[in-house]
Amino acid sequence: MSRVFMKGCEAIAEAAVRAGCRFFAGYPITPQNEIPEYFARRMPEVSGTFVQGESEVASISMVYGAASAGTRAMTSSSSPGIALKSEGISYCAAARIPMVYSNISRGGPGVGSIQPAQMDYLQATKASGNGGFEMMVFAPASVQEAVDMTYKAFDYADRDRNPVLILADGVIGTMMEPVVLPEMKTEEEINEIKNAKKVWSCTGHKLDYKNRAWIEPGHWLTSDMQRANEEAEKLYESWKADVMVEEYETEDAEVVITAYGISARIAKSAVNILRKEGIKAGLIRPITLHPFPYDSFDKLDYKKVKAVLDVEMSIPAQFVQDVEIAIKDRCPIHTCLCSGGNIMSRESIIEAVRKIYS
Amino acid sequence: MEQIYARTKTIQEDKVSGFCPGCMHGTVMKLIGEVLEEMDLVDKAVCTLGIGCCGLQMDYIAYDNITSPHGRACAVATGIKRSNPDSLVFTYQGDGDFASIGLAESVSAANRGENISVIFINNGIYGMTGGQMAPTTLVGMKASTAPNGRDPKEHGYPMHMCEVLNELTAPVYLERTSCNTPGNVVKTKKAIRKAFQNQLDGKGFSMVEVVTSCPTNWGMDALKALDYIEENMLPEFPLGVIRDR
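Residues numbered from 1 in each chain as written. Chains lettered and ligands numbered in written order. Predicted model: local features only at pLDDT ≥ 70, side-chain atom pairs only at ≥ 80, totals over all residues. Heavy atoms only, no water.

Participant: Where do I start with the interface of chain A and chain B in this structure?
Facilitator: As a measure of interface size, the accessible area lost when the parts come together is often cited. Taken residue by residue, the interface counts 34 residues in chain A and 39 residues in chain B. Note on chain A versus chain B: buried area summed over both sides is about 2900 Å², and carbon and sulfur give 57% of it. Here Asp 43 of chain B ties to Lys 206 of chain A by a salt bridge, and the two come within 2.9 Å at their closest N and O atoms. Only strand S3 (49-52), helix H3 (56-68), helix H4 (79-95) and strand S10 (214-215) of chain A provide two or more residues apiece to the side of chain A that touches chain B. If one sorts the elements of the side of chain A that touches chain B by residue count, H3 of chain A sits on top with eight residues. Residues that form the side of chain A that touches chain B fall into these classes: 18 nonpolar, 10 polar and six charged. (Contact = heavy atoms within 4.5 Å. Buried area = accessible area lost by both parts, 1.4 Å probe. Salt bridge = Lys/Arg side-chain N within 4 Å of Asp/Glu carboxyl O. Helix = DSSP H or I, 4+ residues; strand = E, 2+ residues; numbered from the N terminus. Nonpolar A, V, L, I, M, F, W, Y, C, P; charged D, E, K, R; others polar.)

Dropping the structure here:
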């Protein structure tokens, strides 16, 4: 496996290709244009399809179609564009269609700012569209993680027949880092994956009333709708086993920082500096934002922990709402925030921890 | 005795139609099914349904189908056809779906020359939601959201989708038919066959616009609705082949 130097967006696209993604549709929006541009170059080389949709709304519908026909499919956008895609995302979740999408998020609300931000947390984890569906949400803190998660996301999507979201930010998307790319799936493997979906996918079936493919993003009968909701709920519950989290220096920690994505990466370096100063800082970094690693907060020794510091690039804070649920009033929660496209500074985190410590 | 006609097997036998009396969705559904059987395409067919009364058939048809978000059928069909070129992919959409909320998806798919077939049902009104004004509602025609009738000063004029798409370079076949007479039903079937054959031949985007009735929301019985088509709809939406390349 080779080590290459790649930009986050392009690395995400290459990881998807290697995972067997053979359909991508997207619409230009900063800061993720390198994703559709990369696919436009790369897809013809692997007999895949790239379509520049007329809008985000159309692009996600194209992905809904391609994925319903059994193909591993992906779309990407950034915050305001993701809001537009919520229609199709909800349809995929309702019809239990596996697909992957990435949000290289930027400042908001509205058209917001084109610089990196973490202002889509609640949208990503609680309500990415109408109807109360849920998705696994991954939050990479490096280009390598973005690659690994994107590659894995297709397996989770197929396992669950559900959309999976890679929630990155403009830093991860536009930063260049060395990465080890995963193995390229062979044509045989890709065909095998597609054939395994034949039973339910819209690829044409012999005339047989029972065996046709029927992609249903809704139901006429309320009893059928409730049953579909209950089955989905069972799936969502099962994700407790899929929680991914990094716990760093938490065992004896007196101040526990919690953050995800690029904020967590910056916070981690703050922990190292604080430890050198003799301040017992630690970090809980959810890698899956949904399912959320509540257990990591239960494991803390609250006799020692003075406070938890929530660090995120969103004003008002959003991630903190899950942190509050996790802490259950066992210690005070402080915040260290920036927003609007400003990137979290290590100094402000260190300052906030020192303040709590003194 | 020799059997010369049978109900198409592409409509499930045990299902009871939920379409209103005089509705022509059932007629077009039957025609599509007959064409699929005659062309031996049933096991390749993927129907991309719009939202509205057009989507009711999801429960009746026996071939693969997917319900699209409202208006997005041409985008969904693009995804299906591009990733599985061997499938016979067609959309089935009403006027609200194809010409209003889905205008961008419809025009863009046509402009890309997607190798799909579109069956566009134009009855000048929103059916399922209860008779609201459509882009195709005739001037003066009453709708629940235009209680005094469509007024061009406020609502503009009916949209002619065949002619709109005829402005584009890529589409290969655009025909407007109706199902108001036995002769026109036969012509509609022929047009559907042509649209499917074009797709098999890899020619590109084909659309059949079928002018139909909605007796329920037009507020008249089924027979009067047939007269209404002849006297009011067809002068506004003239039948014929608009493009055949």
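Participant: Quick question: what am I supposed to make of the domain arrangement of chain A here?
Facilitator: Residue and element names in this part refer to chain A. In terms of domains, chain A is made up of domain 1 (3-195) and domain 2 (245-357). If you average the C-alpha positions of domain 1 and of domain 2, the two centres end up 27 Å apart. In this complex, domain 1 contributes 28 residues to the contact, which on the side of domain 2 involves 26 residues. Note on domain 1 versus domain 2: buried area summed over both sides is about 2300 Å², and carbon and sulfur give 54% of it. The largest per-residue losses of area from domain 1 upon contact with domain 2 belong to Gln 118, Met 119 and Tyr 121, which jointly make up 33% of the total buried on that side. Inspection of the domain 1/domain 2 interface yields three salt bridges. With a shortest N-O distance of 2.4 Å, Arg 265 and Glu 177 are connected by a salt bridge. Our count for the contact surface shared by domain 1 and domain 2 stands at 16 residue pairs in polar contact (both at pLDDT 80 or more). Secondary-structure elements contributing two or more residues to the side of domain 1 that touches domain 2 are strand S6 (113-116), helix H5 (121-125), strand S7 (136-138), helix H6 (143-160), strand S8 (163-169) and helix H7 (170-174). Its residues placed into classes, the side of domain 1 that touches domain 2 shows 17 nonpolar, five polar and six charged. (Domains from an automatic or database assignment. Polar contact = N/O pair within 3.5 Å; in protein donor to acceptor, adjacent residues only side chain to side chain.)

Participant: Quick question: what am I supposed to make of the side chain of Glu 312 of chain A here?
Facilitator: Residue and element names in this part refer to chain A. Here Glu 312 lies in strand S15 (residues 307-312). The buried charged residue Glu 312 lacks any salt bridge, with Lys 126 as its nearest oppositely charged partner at 11 Å. At a separation of 3.1 Å, a polar atom in the side chain of Glu 312 contacts the main-chain amide nitrogen of Gln 318. (Buried < 20%, exposed > 50% of the residue type's maximum accessible area, 1.4 Å probe, protein only. Lys, Arg positive; Asp, Glu negative; His and termini not counted.)

Participant: Where do I start with a nonpolar patch on the surface in this structure?
Facilitator: A grouping of Trp 220 and Leu 221 of chain A together with Met 128 of chain B is seen on the molecular surface, where their side chains present a nonpolar patch of about 330 Å² in accessible area. Mapped onto the fold, Met 128 of chain B is located in the loop between strand S4 (117-122) and helix H5 (152-155). (Patch = residues over 30% accessible without salt bridge, like charges linked within 9 Å, V, L, I, M, F, W, Y side chains within 5 Å. Areas by Shrake-Rupley, 256 points an atom, 1.4 Å probe, with all protein chains shown as cover.)

Participant: How should the sheet that holds strand S2 (residues 64-67) of chain B be read in this particular structure?
Facilitator: Backbone-to-backbone hydrogen bonds join strands into a sheet, with any given pair of strands oriented parallel or antiparallel. The strand order S10(A)-S2(B)-S1(B)-S3(B)-S4(B)-S6(B)-S5(B)-S7(B) describes an open sheet built from eight strands, whose pairing is mixed. Sheet topology places S10 of chain A together with strand S7 (240-244) of chain B at the edges, where each strand pairs with a single neighbour. Helix-sheet contacts for helix H2 (residues 73-83) of chain B involve strand S1 (45-49), S2, strand S3 (88-94) and S4 of chain B, and the interaxial angle to S3 of chain B is about 175°. Lying on the sheet, helix H7 (residues 182-200) of chain B is in contact with S3, S4, strand S5 (173-178), strand S6 (206-211) and S7 of chain B; it crosses S5 of chain B at an angle near 160°. (Pairing = 2+ DSSP bridges. Axes fitted to C-alpha atoms, helices over the stretch in contact; angles between N-to-C directions.)

Participant: Could you clarify how one ought to interpret the sheet that holds S15 of chain A in this entry?
Facilitator: Residues and elements named next belong to chain A. Across the sheet, which stays open at both edges, the five strands sit in the order S11-S13-S12-S15-S16 with mixed pairing between neighbours. Since the sheet does not close on itself, it has two edges, and those belong to strand S11 (245-248) and strand S16 (333-337), each with one partner. Within this sheet the neighbouring strands show an average axis-to-axis angle of 20°, counted without direction. Note that strand S12 (residues 255-258) and strand S13 (residues 281-286) share four bridges and pair parallel. Within S13, the residue paired with Val 255 across the bridge is Ala 281.

Participant: Is there a simple way to think about the packing of H2 of chain B against helix H4 (residues 103-112) of chain B in this case?
Facilitator: Residues and elements named next belong to chain B. In the contact formed by H2 and H4, the axes pass within 8 Å of each other and the chain directions differ by 35°. Across from Cys 74, Ala 75, Thr 78 and Arg 82 in H2, the residues of H4 making contact are Glu 105, Ser 106, Ala 109 and Arg 112. Of the residues in the contact of H2 with H4, the class split is three nonpolar, two polar and three charged.

Participant: Please clarify how the packing of aromatic side chains should be interpreted in this entry.
Facilitator: Per the stated rule, a full pass over the model turns up 16 aromatic pairs over all chains. On the numbers, 6.0 Å between centres and 75° between planes, the contact of Tyr 64 of chain A with Tyr 91 of chain A is edge-to-face. Residue Tyr 64 of chain A is found in helix H3, and its partner Tyr 91 of chain A is found in helix H4; the two are separated by 27 residues along the sequence. There is no split in this pair, since Tyr 64 of chain A and Tyr 91 of chain A are both buried. Taken together, a centroid distance of 4.7 Å and an interplanar angle of 35° make the contact between Phe 98 of chain B and Phe 120 of chain B tilted. Of the two residues, Phe 98 of chain B is situated in helix H3 (residues 95-101) and Phe 120 of chain B in strand S4; the sequence distance between them amounts to 22 residues. Residue classification places Phe 120 of chain B among the buried residues on the basis of a relative accessible area of 0%. One aromatic cluster in this structure is built from Tyr 121, Tyr 260, Phe 292, Tyr 294, Phe 297 and Phe 319 of chain A. The ring of Tyr 248 of chain A carries Lys 268 of chain A above its face, with NZ or CZ at 4.8 Å from the centroid. A cation over an aromatic ring shows up here: Lys 194 of chain B above the ring of Tyr 173 of chain B, its NZ or CZ 5.7 Å from the ring centre. (Phe/Tyr/Trp six-rings, centres within 6.5 Å; stacked < 30°, edge-to-face > 60°. Lys NZ or Arg CZ within 6 Å of the ring centre and 35° of its normal.)

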